[in-house]
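One-letter residues, chain by chain:
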Amino acid sequence: MTSDGEAVPDRLTEPGHRVVLADVREGLTTVAECADAVEDAAAGAVVTFGGVVRNHDGGRAVTEIEYVAHPSAAALVAEVAADVATRFPVDAVAVVHRVGVLRVGDVALAAAVSAAHRAEAFAATAELVEEVKRRLPVWKRQVFDGGEHEWTGSA
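Right, let's walk through the structure included here.

What counts as what
- Residues numbered from 1 in each chain as written.
- Predicted model: local features only at pLDDT ≥ 70, side-chain atom pairs only at ≥ 80, totals over all residues.
- Heavy atoms only, no water.
- Core = buried A, V, L, I, M, F, W, Y, C linked by side-chain atoms within 4.5 Å.
- Buried < 20%, exposed > 50% of the residue type's maximum accessible area, 1.4 Å probe, protein only.
- Helix = DSSP H or I, 4+ residues; strand = E, 2+ residues; numbered from the N terminus.
- Contact = heavy atoms within 4.5 Å.
- Salt bridge = Lys/Arg side-chain N within 4 Å of Asp/Glu carboxyl O.
- Phe/Tyr/Trp six-rings, centres within 6.5 Å; stacked < 30°, edge-to-face > 60°.
- Lys NZ or Arg CZ within 6 Å of the ring centre and 35° of its normal.
- 1 Å grid on protein atoms, 1.4 Å probe; cavity = no way out; pocket = protein on both sides within 12 Å on 5 of 7 lines; lining within 4 Å.
- Points joined across faces, edges and corners; volume = space filled by probe spheres on them.
- Nonpolar A, V, L, I, M, F, W, Y, C, P; charged D, E, K, R; others polar.
- Expected span 1.5 Å × (residues − 1).

Next up on the list: the nonpolar core. Ranked by size, the top nonpolar core spans 33 residues in total, and within it Y67, V90, V93, V95, L128, V132 and L136 carry the most contacts. Top contributing element to this core by residue count: helix α2 (residues 73-87), with 7 residues. With residues up to four places along the chain from it excluded, the contact list for V132 reads V77, V80, V95, H97 and L109. Core analysis: the second largest hydrophobic core is formed by 9 residues, C34, A94, V96 and V107 among them.

So, in structure tokens, the structure goes:
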């Protein structure tokens, strides 16, 4: 509050609400790529997420995962990113989901959100990841130690 009782604006500028990166790709992605993409002078927080291929699932050893995407996947991930960028007071949003064969330790889903404050950045990042996982038309084939495999209906 100022001395005359008026509220002081929290920011110098309005949140950018920008989608700076939204992609589904075969090539390598990193969390750092997404973090770099959302840099903004107004952002006091950058929250990142890396969904990494782990070496187990359901008590079984996993050796690799293959993701296969519907042709609409890239447009849908862009739609999810735009929705999150619009609904939250954020400056920038970046998200990439990989397709193809991934090894243990590879990043399957990378995301970053910048905002003036950590609470908004954390909330938007959580929503972004959950919505991509829920809505993206991607099928996953897990290959287990010994060569067995199974398909699941979404990432």
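Before going further, it helps to examine the pattern of salt bridges. Taken as a whole, this structure holds 16 salt bridges when the rule is applied. Linking R103 and E64 is a salt bridge whose minimum nitrogen-to-oxygen distance equals 2.1 Å. Remark: E64 occurs in strand β4 (residues 60-69) and R103 occurs in strand β6 (residues 100-103); sequence separation between them is 39 residues. Take R103: its relative accessible area is 46%, and that puts it in the partly exposed class. Judged by relative accessible area, which is 16%, E64 ranks as buried. Two residues, R141 and E66, come together in a salt bridge whose shortest N-O distance is 2.9 Å. Taken together, the positions of R141 in strand β8 (residues 138-144) and E66 in strand β4 put the pair 75 residues apart, joining distant regions of the chain. Owing to a relative accessible area of 16%, R141 belongs among the buried residues under this scheme. The network of salt bridges with shared partners includes E64, E66, R103 and R141.

A few words on the packing of aromatic side chains. Per the counting criterion, the structure on display carries 0 aromatic pairs. When the ring centre of F144 is taken as origin, the NZ or CZ atom of R60, which lies over that ring, is 3.8 Å away.

In this structure, the largest pocket encloses a volume near 250 Å³. Taken together, 16 residues line the largest pocket, and the ones lying closest to its centre are G51, V52, R54, Y67 and K133. When residues of the lining of the largest pocket are traced back to their parent elements, those giving at least two are β2 (45-52), β4, β7 (107-115), α3 (118-135) and β8. Ranked by residues supplied to the lining of the largest pocket, first place goes to β2 with 3 residues. When grouped by side-chain class, the residues that make up the lining of the largest pocket number 9 nonpolar, 4 polar and 3 charged.

Attention now goes to α3. The terminal C-alpha atoms of α3, which comprises 18 residues, lie 25 Å apart, in line with the 26 Å expected from a rise of 1.5 Å per residue. For α3, the full list of buried residues reads A121, A124, T125, L128, V129, E131 and V132. On its buried face, α3 is in contact with β2, α2, β5 (90-98) and β7.

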